[in-house]
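So the chains spell out like this:
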Amino acid sequence: MTLLAGADLSRAWALSDRVSLREESFGALVYHHDTRRLVFLKSPTLVDLVRRLDGYDNALAAIDDVIEEAARPRYQRALRDLIDSGVLDGR
Amino acid sequence: MGAESSLRTRFERGLGAPICLTWELTYACNLACTHCLSSSGRRDPRELDTAEALALVDEIAAMQIFYINVGGGEPMMREDFFTIVEHAVARNVGVKFSTNGTRLDAAAARRLAATDYLDVQISLDGIDAATNDAIRGAGSYARARRAMDNLKDAGFGPFKISVVMTRHNVDQLNDYEALAAHYGAQLRLTRLRPSGRGADVWDELRPRAAQNRDLYHWLRARPHVLTGDSFFHLSALGDPLEGLNLCGAGRVVCLIDPVGDVYACPFVIHDQFRAGNVRDAGFASVWRESELFRSLRELGSAGACTSCGSFDACRGGCMAAKFFTGLELSDPDPECVFGHGEDALRSARERPAPTPDHSRRVPLSLSSRR
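Notes on the structure follow. No experiment lies behind these values; they were computed from the predicted model shown. (Residues numbered from 1 in each chain as written. Chains lettered and ligands numbered in written order. Predicted model: local features only at pLDDT ≥ 70, side-chain atom pairs only at ≥ 80, totals over all residues. Heavy atoms only, no water.)

**Quick look at the sheet that holds strand E1 (residues 20-26) of chain B**
Residues and elements named next belong to chain B.
Then comes step 1: Spatially, E6-E5-E4-E3-E2-E1-E7-E8-E9 is the arrangement adopted by the 9 strands of the open sheet, whose pairing is mixed. The open sheet terminates on both sides in strands that have one partner only, identified here as strand E6 (186-191) and strand E9 (274-277).
Then comes step 2: Bridge analysis of strand E7 (residues 255-256) against strand E8 (residues 261-263) gives 2 bridges, and the strand direction is antiparallel. Residue isoleucine 256 lies in a different strand from E8, and its bridge partner there is valine 262.
Then comes step 3: Packing against the sheet, helix H6 (residues 140-153) makes contact with strand E4 (118-123) and strand E5 (160-165), and its axis sits at approximately 155° to E4.
Then comes step 4: Its contacts with the sheet put helix H7 (residues 173-183) on E5 and E6, and the angle it makes with E5 is roughly 165°. (Pairing = 2+ DSSP bridges. Helix = DSSP H or I, 4+ residues; strand = E, 2+ residues; numbered from the N terminus. Contact = heavy atoms within 4.5 Å. Axes fitted to C-alpha atoms, helices over the stretch in contact; angles between N-to-C directions.)

Below, the structure written as structure tokens:
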């Protein structure tokens, strides 16, 4: 489940079927049913990105479509963190 | 699961639904622990029936509440215990349930082991029978250990050993760690609160100030030890402990009691903190519309704590601990690590009586039951 910190964002990723996601005003709460960990998605933009990953074979392409250029490194880091915590699974 | 301060402020203003809630299934209990938060003992004839309980699970699932902490009383005293719990799990609502273990026989252990999304916490308030039974009653240590043996034999996996910290068991923490390792279990430590019957023993059982400091450092060195965010008042001692480090009452958590009354948190079963009842218009309307919860979500004055440099670390501590020791909610926590609580206690009003009280009228011993 947990991958290396430098997870390969050029692959296809999607929200794990082991998590529940609930939107809140600040973004979303994600609960991982296996690890019993709570994870915060700290902006609605990140929630939107995570939800749209499903439609891409390459997560970097999803970031390019959804996120403005200057902010892309930040969102790459955010996705890697979510991969590390098992919120995103490889497809 | 650390949260930066801007996120914490959002939590203090309340969420669309709780992250989790505590649901006490019954006030019935076959033990009579001296520190019982809910003054449990006798079943209340108005308790939710099976159909009502299952409907409440459905509402919890619809609100996407991630998990429920099931307690009591002793939840396994309910004949429909497994029906309710298995319904929750089937609806993708995780269950963490707390038990004294007395009814957790080999068959129950196997059934629990076969259920996903379910955590079991067995209460053990002393590392030996003498320490534990002084609080939880004669024979309770042996029966809790037998329940742990049953879970281990059933291959349940890492269950939790749940300990309320007192001045008699803080010094046993390393032994607890060894016991947890023996079972492959996780340790979960929680704070003794002056709630329910706990009000009667708080002065004599609560850890001393030096023990609380030891506990803080012990926990800082062991971020894997669970606390249910219990000890955030100790975070004023330095770097924050694991957890959200805020009072979640009516903001990110709440309590549903056996008769469907909704309280701000498991530690304030008192009329003053009752937000409504699920039988009236459902749980969601209580959570979203209760005047009490709305007021708890307004960031009130920090009172005397405003001028303290550590307020951002401890947020003034636990609302329940203040209320039941007669302090104002804007006062420091009675166990403030800088001793400001002691000062406040000297001018506190009379301590409020806990309501309601389901304690048994006559004490009973374990051996007299069943």
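**Regarding the nonpolar core**
Then comes step 1: Counting residues in each nonpolar core, the largest one holds 90 residues, and the members touching the most others are Trp23, Leu104, Leu112, Val120, Ile161, Leu189 and Phe283 of chain B.
Then comes step 2: Top element by residues in this core is helix H3 (residues 81-90) of chain B. It accounts for 6 residues.
Then comes step 3: When residues no more than four places from it in sequence are discounted, the contact partners of leucine 189 of chain B are Val163, Met165, Leu173, Leu215, Trp218, Leu219, Val225, Leu226, Thr227, Ser230 and Phe231 of chain B.
Then comes step 4: Membership of the second largest hydrophobic core comes to 28 residues, among which are Ala7, Leu41, Ile63 and Ile67 of chain A. (Core = buried A, V, L, I, M, F, W, Y, C linked by side-chain atoms within 4.5 Å. Buried < 20%, exposed > 50% of the residue type's maximum accessible area, 1.4 Å probe, protein only.)

**Looking at the packing of aromatic side chains**
Then comes step 1: Here the structure, examined in full by the defined rule, presents 11 aromatic pairs over all chains.
Then comes step 2: In textbook terms, an aromatic cluster arises when at least three aromatic residues are bridged by ring pairs, as seen for Phe26 and Phe40 of chain A together with Phe11 of chain B.
Then comes step 3: For the cation-ring pair, arginine 11 of chain A lies above tryptophan 13 of chain A, with the distance from its terminal atom to the ring centre recorded as 4.8 Å.
Then comes step 4: The cationic tip of arginine 206 of chain B hangs over the ring face of tryptophan 202 of chain B; the distance from NZ or CZ to the ring centre is 4.1 Å. (Phe/Tyr/Trp six-rings, centres within 6.5 Å; stacked < 30°, edge-to-face > 60°. Lys NZ or Arg CZ within 6 Å of the ring centre and 35° of its normal.)

**Section: the state of the cysteines**
Residues and elements named next belong to chain B.
Then comes step 1: What the rule picks out here adds up to 0 disulfides over all chains.
Then comes step 2: Cysteine 29 supplies the cysteine sulfur nearest to cysteine 33, a cysteine that is in no disulfide, at a spacing of 6.1 Å.
Then comes step 3: Lacking any disulfide linkage, cysteine 254 is separated from the closest cysteine sulfur, that of cysteine 20, by 8.8 Å.
Then comes step 4: In this structure cysteine 254 comes out as buried when scored by relative accessible area, which is 0%. (Disulfide = S-S within 2.5 Å.)

**Things to note about empty space enclosed by the protein**
Then comes step 1: Counted according to the given criterion, the structure contains 2 cavities of 30 Å³ or more.
Then comes step 2: Empty space within the largest cavity amounts to approximately 40 Å³.
Then comes step 3: Taken together, Tyr31, His33 and Arg36 of chain A together with Tyr67, Gly94, Val95, Lys96, Tyr117 and Asp119 of chain B make up the full set of residues lining the largest cavity.
Then comes step 4: It is strand E3 (residues 94-99) of chain B that provides the largest number of residues to the lining of the largest cavity, a total of 3 residues.
Then comes step 5: A per-class count over the lining of the largest cavity returns 4 nonpolar, 2 polar and 3 charged.
Then comes step 6: Considering the residues around the second largest cavity, the lining is formed by Met165, Arg191, Leu192, Pro207, Asn212, Phe231, His233 and Glu335 of chain B.
Then comes step 7: Along the lines of polarity and charge, the residues of the lining of the second largest cavity split into 4 nonpolar, 2 polar and 2 charged. (1 Å grid on protein atoms, 1.4 Å probe; cavity = no way out; pocket = protein on both sides within 12 Å on 5 of 7 lines; lining within 4 Å. Points joined across faces, edges and corners; volume = space filled by probe spheres on them. Nonpolar A, V, L, I, M, F, W, Y, C, P; charged D, E, K, R; others polar.)

**Here we look at the interface of chain B and chain A**
Then comes step 1: Facing 26 residues of chain B, the contacting portion of chain A comprises 16 residues.
Then comes step 2: Roughly 1,800 Å² of surface becomes buried between chain B and chain A when both sides are summed, with 57% attributable to carbon and sulfur atoms.
Then comes step 3: Between chain B and chain A we count 1 salt bridge in total.
Then comes step 4: Its salt-bridge partner being aspartate 119 of chain B, residue arginine 36 of chain A comes within 2.4 Å of it at the nearest N-O pair.
Then comes step 5: Here chain B is connected to chain A by 8 residue pairs in polar contact (both at pLDDT 80 or more).
Then comes step 6: Sort the elements by how many residues they give to the side of chain B that touches chain A and helix H1 (residues 5-12) of chain B lands first, with 3 residues.
Then comes step 7: Its residues assigned to classes, the side of chain B that touches chain A comprises 15 nonpolar, 5 polar and 6 charged. (Buried area = accessible area lost by both parts, 1.4 Å probe. Salt bridge = Lys/Arg side-chain N within 4 Å of Asp/Glu carboxyl O. Polar contact = N/O pair within 3.5 Å; in protein donor to acceptor, adjacent residues only side chain to side chain.)

**A word on the layout of surface pockets**
Residue and element names in this part refer to chain B.
Then comes step 1: In this structure, the second largest pocket encloses a volume near 540 Å³.
Then comes step 2: Along its surface, the second largest pocket is lined by 22 residues, and Arg251, Glu298, Gly300, Ser301 and Leu329 are the ones closest to its centre.
Then comes step 3: Those elements that place two or more of their residues in the lining of the second largest pocket are helix H12 (291-296) and helix H14 (319-323).
Then comes step 4: A per-class count over the lining of the second largest pocket returns 10 nonpolar, 6 polar and 6 charged.

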